[in-house]
Amino acid sequence: TAEQFQHGALAGKRVFITAGPTREPLDPVRYISNHSSGKMGYALAEAAIDAGASVKLISGPVTLAPPARAECVQVETAEQMLAASMDGIDSCDLFIAAAAVADYRPVAIAEHKIKKGSEEIMELRLVKNPDIVATVAGLATSRPFTVGFAAETRDVIGYARSKLARKQLDLIVANDVSNPEIGFNSDDNAVTLVSAQEEINLAQASKRQLARQLIEQIALYISRNDS
Ligand code: CTP
Ligand code: CA
């Protein structure tokens, strides 16, 4: 319960959390996106606030109400999410990337609604989006403790470990999204917290409960780092 939650584990810490999907426009009425609900990121924001942190929640379009005590920055595209993430990053102690960022965006946004042509097949040209969490983790100065997520459908720990190394993260939350009972739109999740040295399994629970366990574990890693 809220009362039992270890208060103060992140006291005085500035935490940035990305959440939800991004939306990459094609024309004035269309976009590319994904089914991320934002629930995990919003639950992490609440848990971090309850642990004493000052939280900036950088969110793509979701239907959730922002946590009352978080500073909430609403964005649409990956590029806007990156800009909002880098704004004030010098003061950030902990960066958690829970957003499902679109890996690619249309190379150009049509000024007017794209009309249906006579061709049966139409091709979209896409360009890679910046990797937000890798950009933050790669900062040369005042780099925050950086935590990513890995949504995988197979070889979950293997892919998570390769992302941990490739993006130079401190921790990665490995998430098996092939199980329909958990992940993306579900209220429940089950994850493994992976560091370079160890793996901590967190059994299926509500995203709210899991968020509290994750914040508790992350705070432990940070305190070991600080001392
Ligand atoms: N991420 C990010 N910016 C991107 C893409 C991903 O910050 N442009 C972050 C996500 O928020 C997550 C982590 O990187 O914390 C891993 O995202 P994921 O989609 O699992 O990994 P990718 O590197 O995009 O690889 P792939 O989609 O091919 O598995
Ligand atoms: Ca991706």
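Nothing here was measured: the structure is a model prediction, and the numbers come from that model.

Next up on the list: the site of ligand 1. Lining the immediate surroundings of ligand 1 are 15 residues, of which Ala 97, Val 101, Ile 132, Val 133 and Gly 148 lie closest. Listing elements by their share of the shell around ligand 1, those giving two or more residues are helix H3 (132–137) and strand E9 (145–152). For the shell around ligand 1, the element with the most residues is E9, which contributes 4 residues. Among the residues forming the shell around ligand 1, the class breakdown is 9 nonpolar, 3 polar and 3 charged.

Right, let's talk about the pairing of strand E4 (residues 54–59) for a bit. In terms of burial, E4 is a largely internal element, 5 of the 6 residues being buried. The pairing of strand E1 (residues 14–19) with E4 spans 6 bridges and is parallel. Counterpart to Arg 14 in the pairing with E4 is Ser 54. When E4 meets strand E5 (residues 71–74), the two strands line up parallel, connected through 4 bridges. Residue pairing across strands places Ile 58 opposite Val 73, the latter belonging to E5.

Thresholds applied
- Residues numbered from 1 in each chain as written.
- Chains lettered and ligands numbered in written order.
- Predicted model: local features only at pLDDT ≥ 70, side-chain atom pairs only at ≥ 80, totals over all residues.
- Near = placed C-beta within 6 Å.
- Helix = DSSP H or I, 4+ residues; strand = E, 2+ residues; numbered from the N terminus.
- Nonpolar A, V, L, I, M, F, W, Y, C, P; charged D, E, K, R; others polar.
- Buried ≥ 20, exposed ≤ 12 C-beta atoms within 10 Å, placed from the backbone.
- Pairing = 2+ DSSP bridges.

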